[in-house]
Structure formats: structure tokens, C-alpha cells
Amino acid sequence: MVWRGALLLAVAVCSGTADAGPFTKKSSQGEWTRSRVDRGWVLPKGWLSVGLAVEHKNSTSYRGSDGGLRAQPDGMLWQHSKLWLELHQGFSDRVTLYGRLPYVRSSLQPATGNQITTIAVGDAHAGIVMQSLGGAAWDTAVSADLKLPSGVEWPEGTGGPANTSSFLTGTGITNLGLYVHALARVPGVASAMARVGYVRKFPGVVGYVTATDGFGNGIINPGDEWVADTELRLSAASFASVAVVGTVRRLGTAVIGINGDGERLTTPVRHSAGTWVDAGVEVSVEPSAHWAVELGAAVDRYGGDSRPFAHLGLEEFSPQPGVQWSSRLVSRW
């Protein structure tokens, strides 16, 4: 049977019994850099990286129209988790291709009533990173990221917070992000990274926008996004490092409407625009060139209104406040 063959293949891969193909050292492979602070933005040529990453957030509060934190009713808990399958390929000495696919779990325990939980595939990402210039003390790169809708954007019950029986795990929207990267390092000691990007979010027909009377196709234009990431990483040993990370996101105003009777009727979503600032720490341990383990935690320090898309569970549009824990296991060969 198909599942039995897949299981046997997985066992063979994990046990290291494969003696040919992509699991063996190739003469054309680039050299691996042992210390993480000395690496650039791309994998060495010929290397393949497969990772499993987990993100989990608990939230017992929300942000109002002024961005201020407010407590949810006693007993209410929002949980949002993602299990990412990640693949990176060192296409050449200066180019890495990647793909990321999430499996999403969204859960709300109301102050009264039964828990609401949805588990389904989320929006996938594919992209390319191109390292342009660099030297012993610095590197630059550019990248492009394409987010593709999963098709899981037709929830059950979308009349508002009081009429929700499931959550969305996909936005139904295609994104194209373009980024510029810069890195400076003290070899063997520390590195400082920065990334600035613009994300174009294309309008689309989605199931969670509906006409209240008459017939029409619900559409959303979620508003474009500016994003900036920073990271300061210190080498604790040749196989371990500690990093302080920060992210700033500026979301544009979302617009929703319908296509009906030959015209498009749209309305801005109040308080959907805003700026979010997150800060966190990360610990990375790499016992060998073929394995890496990362643990991290991040918390939002500033944010806009978290309510406009909260009843749909769309963290991309309305991220909820709280501590987000993360871990990643990576295998490379």
C-alpha cells in the first residue's frame, strides 16, 4: 500500500540507511561554515535542509482602538499554533530556494460555553534568496517571498464574534514580498542582521466576506505591509549561539466589499491599519553540520487594534497579544 511504502521510506531516511542520492556528501557541495555568526544568507551549494518548526501563542487579552491592552473576560483563552514543514536548497553558491508549508491549530475557550477548535493547512510560502555582495565582515542579499492561499478560507458561521463555529487557517490572499538584507559581523564573535521589505497583498474573492442582501462575490483588499527585522547574535561556542530579535510591521487599511450588478462596492475596515512591534530571544545549538535545534520566545511590545479580524482567527491581519514560543529542528545534508 502507498502509506506503507511511504513509512518504509521515512524509516530508511531517518535511520541513515540510504547510501546514495541526496543523503551522501557530493564533491560539488560547498564547504559548511561551523559557527553560525560567520554564515551568510544562503546555504552552501548543493546542501539541502529540511526542518520542522513549531510556533505557539496563548492570549488572554486584546488591544483596543488605541492599541492599549485590555483583559479578556475571566476564563477566555485564545491559542494559535503552527507546525511548519520547511525545505531549503542551496541552488548555487549565491542562491537558495525554499518552501514552507504550515499546519494550523486555532482554538478559543470562551468565558462560557464549549471550546472552538479548528485544525487545517495554512497558506504556503515559496521564495528565493540571492546573496549579492559580501566579505569577511559583511554580506548583502535580496529575496522574494510568494505566499499562496491554501483554499481553507470558507468558515462555518461568519456573522461576527457571537456566531463563530470555526476559524480560518488561510487568508485566501496571495502575497508577494520583496526584501533587502544586510549583515555585519565580527568573525567568530557576533553578527548583526537587518531585513527591510515591502509585501504586496493582492485583492481576492474570499468566503469570509459576504453580501448582507442580494447577490455578490465577497472581496477583500487587505492593505499592503512594510516589515523590518533585526537580529543581534552572539557566539557562545562554535556549536551554540544566542540572539536578540525584533520585528516591526506596518499594516495598511483593509477594504472589503462585493462585486455585484456590474459594480464593486467597498468599505474600509475600521482600525485595521496599525503598527506592531515584537521582541524576543533565541538559542541555537548545532551539534554537527547536519543537525540544528532552536528555541525561542517573543512578545508583542506595541500593536494596533487586534479586534477587526479576531473572530475569524486571522493572525496575519489582526495578531493577538501574548507570548509566542517557538522551536525548530533542522536536518541538513
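Here the structure is a predicted model, which is why all the values come from computation and not from measurement.

Draft legend 1. View of a nonpolar patch on the surface. A cluster of nonpolar side chains, namely F239, V242, V283, V285, W291, V293, L295 and L329, defines an oily patch on the protein surface of about 680 Å² accessible area. Going through the elements one at a time, β17 (274-288) and β18 (291-302) are the ones with two or more residues in the nonpolar patch. Ranked by residue count, the leading element in the nonpolar patch is β18, at three residues. Classification of V285 by relative accessible area gives partly exposed; the value is 35%.

Draft legend 2. Geometry of the environment of S306. With respect to the helices and strands, the residue S306 is situated in the loop between β18 and β19 (323-332). On the basis of relative accessibility, which here comes to 0%, the residue S306 falls in the buried class. Between the C-alpha atom of S306 and that of P319, which follows or precedes it by 13 residues, the distance is 5.9 Å. Sequence-distant contacts of S306, defined by excluding residues within four places in its chain, comprise Y62, R63, S318, P319, Q320 and P321. Within polar-contact distance, the side chain of S306 engages the backbone nitrogen of R63 at 2.8 Å.

Draft legend 3. Structural context of the pattern of salt bridges. Counted according to the given criterion, the structure contains 21 salt bridges. Here R39 ties to E286 by a salt bridge, and the two come within 2.5 Å at their closest N and O atoms. Residue R39 is found in the loop between α1 (2-15) and β1 (48-59), and its partner E286 is found in strand β17; the two are separated by 247 residues along the sequence. In this structure R39 comes out as buried when scored by relative accessible area, which is 14%. For E286, a relative accessible area of 4% gives the class buried. For E231, the salt bridge identified is with R233, shortest N-O distance 3.0 Å. Here the two residues E231 and R233 agree in accessibility, since each one is buried. Taken together, the shared-partner salt bridges connect R36, E86, R100, E231, R233, E282, E294 and R328 into one network.

Draft legend 4. Highlighting the pairing of strand β14 (residues 240-251). Judged from the twelve bridges that link them, strand β13 (residues 225-237) and β14 form a sheet pairing that is antiparallel. Its bridge partner lying in β14, E225 is registered against L251. Between β13 and the antiparallel strand that follows it, β14, lie two residues. With twelve bridges joining them, β14 and β17 adopt antiparallel strand pairing. Residue pairing in the sheet places A240 in a bridge with V285 of β17.

About the thresholds
Residues numbered from 1 in each chain as written. Predicted model: local features only at pLDDT ≥ 70, side-chain atom pairs only at ≥ 80, totals over all residues. Heavy atoms only, no water. Patch = residues over 30% accessible without salt bridge, like charges linked within 9 Å, V, L, I, M, F, W, Y side chains within 5 Å. Areas by Shrake-Rupley, 256 points an atom, 1.4 Å probe, with all protein chains shown as cover. Salt bridge = Lys/Arg side-chain N within 4 Å of Asp/Glu carboxyl O. Helix = DSSP H or I, 4+ residues; strand = E, 2+ residues; numbered from the N terminus. Buried < 20%, exposed > 50% of the residue type's maximum accessible area, 1.4 Å probe, protein only. Contact = heavy atoms within 4.5 Å. Polar contact = N/O pair within 3.5 Å; in protein donor to acceptor, adjacent residues only side chain to side chain. Pairing = 2+ DSSP bridges.

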